[in-house]
Amino acid sequence: MGGFYGTLYMSDDNRQASDFVRDIVAEDLRTNKWDGRVITRFPPEPNGYLHIGHAKSICLNFGIAEEFRDKAPGGAQCHLRYDDTNPTKEEQEYIDSIKADVRWLGFDWGEHEYYASEYFDQLYEWAVQLIQAGKAYVCDLDGDQVREHRGTLTQPGKDSPYRNRSVKENLDLFERMRAGEFPDGSRTLRARIDMASPNLNMRDPVMYRIMRAVHPHVGDKWCIYPTYDWTHGQSDSIERITHSICTLEFENHRPLYDWFCDALGIYHPQQIEFARLNLTYTVMSKRKLLELVKGGHVRGWDDPRMPTLCGLRRRGYSPEAIRNFCKVIGVNKYESTIDIALLEHCLREHLNRTSPRVMAVLRPLKVIIDNYPEGQTEMLEAINNPEDPSAGTRQVPFSRVLYIEQDDFREDPPRKFFRLAPGREVRLRYAYYITCTSVVKDEAGNVTELHCTYDPATRGGDSPDGRKVKVTLHWVAADQALPVEVRLYDNLFTVPDPDDVPPGMDYKNNLNLNSLEVVPQAWVEPSLKGAAPLSRYQFERLGYFCVDPDSTPEKTVFNRTVTLKDSWAKIEKSQSQLP
């Protein structure tokens, strides 16, 4: 497996570093190759939800249009186009989600929203043109037979017995295919290219198949549908795209893309391929993601463990963090796998600057401050975000009975454990120094309650006599805290490469059965009452959390977005120390 190694660096003005795609665009503008125009497109197939891999393409295509807008005298624009050629797998739900995700990432296509299905009439006319030129024919072989005739990487294919039909017969059959005279799958239209080509994509590829299905955009107008390869390049041509940017798996399709445009004598965009995004502990295949959803391994496309953009959004990812991640990893021509720690590093960097701090206790341990007045509550000033002075402060209630984390106490503390223990003094965040004086246990010997004293002179967290404590603990006032549900998410897979399995097994054998832990009742400070869905916070000392849309007026649900620990920072530091 490849990896990402190197130093994170973004210039102060946050400009996108150059790459080979942007270099091509800049050179084309310099030479006026496209009359001073830069027209890109993001062309998803609406057969699933977009994922983090699509974000790289979105940021590249829309980003180039934005960056060159002031440099392109003929205009710069990115189109949003649905390559909707397979109605059996496409749904309006996916179309709507794609729009929402692109907008959420911060991009706008303006009036340039298109559908390949809107070009079906033109594509049909061009198919007739190829038939008339002897460059396409109707074939009666079924799918299995077509595959048998195609040959292998080392053996040439065999001509279809229908390859030499006359133009007249092909035109008649193709018209009757459109009219619905033949059963589904009984005939196809194929390009007549070269069955001995070393590139299997050039061995008389299928252009049309018979398929009676209602299309989500054009309804039941058609019973024959064009293939992706036949539709894609011609849609680019119709829209007068200048730079058709796609991932490396389409590199072997480029000769076919070029052949169709040249055979028709139409406007011919330039196809450019770049390496797709691969991420550790993640699968990107739409087929596999659909299997996870259909198999009940996740709760849906927007499950916070999914790499889908709607899943990342629900988990608490910010669009700014994803865009910056795409800038950091850059664009290149070689396949590699990016450590998910880098994505989380970019996320933490943004959330650290923007997330309000609050206090929450996930696994509470009751603390009673014996020398604090009963029935008294005082309000303490707490900083909302030390990274952003404009965020101001808030008031946090303090009273005699508090909750702290169970992990912040040890009755018999091990070496280097500096948190609360019998006889030990610690600082409570924004509050006072407290000292543990006694411990209450249940019949099983579990600690259920601590009794402590506080030093009134240390209000705000500092001691007038200068004495120091080694640890500051977070807490909430028991009588004012709000009960919430907290969902602790981890990686969906247990190994960096989920497809790395023994024979007879598949990626699902690497699913992490502990990828979700639900804490049914945690406690948060009262400032979070009524927090809006998808609001992001830092729970001090615990991590970053986001309000889940499952929240109700009766109970708020928080998703853990990411922990505070930054493993990528350690990776980068260790690399910088290499000789």
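Our structure is the block above this text.
Residues numbered from 1 in each chain as written. Predicted model: local features only at pLDDT ≥ 70, side-chain atom pairs only at ≥ 80, totals over all residues. Heavy atoms only, no water.

(A) Representation of the packing of aromatic side chains within the structure. Tallying each qualifying case throughout the model produces 24 aromatic pairs. Centroid distance Phe62 to Phe107: 5.4 Å. Interplanar angle 25°. Geometry classified as stacked. Here the residue Phe62 occupies a position in helix 2 (residues 52-67), and Phe107 occupies one in the loop between helix 3 (92-104) and strand 3 (113-115), the gap between them amounting to 45 residues. Their ring planes at 15° and their centres at 4.2 Å tell us that Phe539 and Phe545 sit as a pair that is stacked. Of the two residues, Phe539 and Phe545, neither departs from the other in class, the shared state being buried. (Phe/Tyr/Trp six-rings, centres within 6.5 Å; stacked < 30°, edge-to-face > 60°. Helix = DSSP H or I, 4+ residues; strand = E, 2+ residues; numbered from the N terminus. Buried < 20%, exposed > 50% of the residue type's maximum accessible area, 1.4 Å probe, protein only.)

(B) Summary view of the packing of helix 4 (residues 120-132) against helix 8 (residues 254-264). The interhelical angle for the contact between helix 4 and helix 8, taken along N-to-C directions, is 80°, at an axis separation of 10 Å. Classified by the angle between their axes, helix 4 and helix 8 sit roughly perpendicular to one another. On helix 8, the residues touching Trp126, Gln129 and Leu130 of helix 4 are Trp259, Phe260, Ala263 and Leu264. (Axes fitted to C-alpha atoms, helices over the stretch in contact; angles between N-to-C directions. Parallel < 35°, antiparallel > 145°, perpendicular 65-115°, else oblique. Contact = heavy atoms within 4.5 Å.)

(C) Representation of the packing of helix 2 against helix 11 (residues 319-329). Axis separation between helix 2 and helix 11 bottoms out at 10 Å; the angle between their running directions is 75°. Looking at the two axes, helix 2 sits roughly perpendicular to helix 11. From helix 2, Ile52, Ala55, Lys56 and Cys59 reach across to helix 11, where they touch Ile322, Arg323, Phe325, Cys326 and Ile329. When the residues that make up the contact of helix 2 with helix 11 are grouped by side-chain class, the tally is seven nonpolar, no polar and two charged. (Nonpolar A, V, L, I, M, F, W, Y, C, P; charged D, E, K, R; others polar.)

(D) The sheet that holds strand 3, seen in detail. Spatially, the three strands line up as an open sheet ordered 1-2-3, and their pairing is parallel. Each having just a single partner strand, strand 1 (38-42) and strand 3 make up the two edges of the open sheet. Along the sheet, successive strands turn relative to each other by an average axial angle of 35°, direction set aside. One ladder, built from three bridges, connects strand 2 (residues 76-82) with strand 3; its direction is parallel. (Pairing = 2+ DSSP bridges.)

(E) Structural detail: the nonpolar core. Ile52, Ile58, Val102, Ile322 and Phe325 are the most contacted members of the largest nonpolar core, which totals 40 residues. Core analysis: the second largest hydrophobic core is formed by 37 residues, Leu173, Phe182, Trp230 and Tyr257 among them. (Core = buried A, V, L, I, M, F, W, Y, C linked by side-chain atoms within 4.5 Å.)

(F) Helix 1 (residues 20-31), seen in detail. In this model, helix 1 (twelve residues) spans 16 Å end to end at C-alpha, consistent with the 16 Å of a helix rising 1.5 Å per residue. Along helix 1, the positions that sit buried rather than exposed are Val21, Arg22, Val25, Asp28 and Leu29. End-on, the buried residues of helix 1 take up no more than an arc of 120°, which puts them together on one face. Structurally, helix 1 contributes buried residues whose contacts are with strand 1, helix 2, strand 8 (243-247) and strand 9 (270-274). With a side-chain oxygen positioned 3.0 Å from the backbone nitrogen of Val21, the residue opening helix 1 is Asp19. (Expected span 1.5 Å × (residues − 1). Arc of directions from axis to C-beta. Polar contact = N/O pair within 3.5 Å; in protein donor to acceptor, adjacent residues only side chain to side chain.)

(G) Spatial organisation of the environment of Lys33. Looking at where Lys33 falls in the secondary structure, it is placed in the loop between helix 1 and strand 1. By relative accessible area, Lys33 is classed as partly exposed at 43%. Remark: the alpha-carbon pair of Lys33 and Leu564, spanning 531 residues in sequence, is separated by 49 Å.

(H) Inspection of the side chain of Asp303 at higher detail. Checked against the element boundaries, Asp303 lands in the loop between helix 9 (286-294) and helix 10 (309-315). Residue class for Asp303 comes out buried when judged on its relative accessible area of 1%. A polar contact of 2.8 Å, which involves the side chain of Asp303, links it to the backbone nitrogen of Arg299. Among the polar contacts made by the side chain of Asp303, one reaches the side chain of Arg305 at a distance of 2.8 Å. Not counting chain neighbours up to four residues away, the residues in contact with Asp303 comprise Val298, Gly311 and Tyr489.

(I) Looking closely at the pattern of salt bridges. In this structure the tally under the stated criterion is 48 salt bridges. The closest approach of N and O atoms between Asp236 and Arg81, which form a salt bridge, is 2.8 Å. A residue pair is termed long-range when its members are at least 10 positions apart, and Asp236 in helix 7 (residues 228-238) and Arg81 in strand 2 qualify at 155 residues. Across this residue pair, the class does not change: Asp236 and Arg81 are buried. Across the pair Asp499 and Lys288 runs a salt bridge whose closest N-O atoms are separated by 2.6 Å. Taken together, the positions of Asp499 in the loop between strand 21 (482-489) and strand 22 (516-524) and Lys288 in helix 9 put the pair 211 residues apart, joining distant regions of the chain. Taking relative accessible area as the criterion, Asp499 reaches 42% and is therefore assigned partly exposed. (Salt bridge = Lys/Arg side-chain N within 4 Å of Asp/Glu carboxyl O.)

(J) Region of interest: the state of the cysteines. Applying the stated criterion across every chain yields a total of zero disulfides. Not part of a disulfide, Cys246 finds its nearest cysteine sulfur in Cys261, a span of 12 Å. For Cys326, which is in no disulfide, the shortest distance to another cysteine sulfur is to Cys59 and amounts to 4.0 Å. With relative accessibility at 7%, the residue Cys326 sits in the buried group. (Disulfide = S-S within 2.5 Å.)

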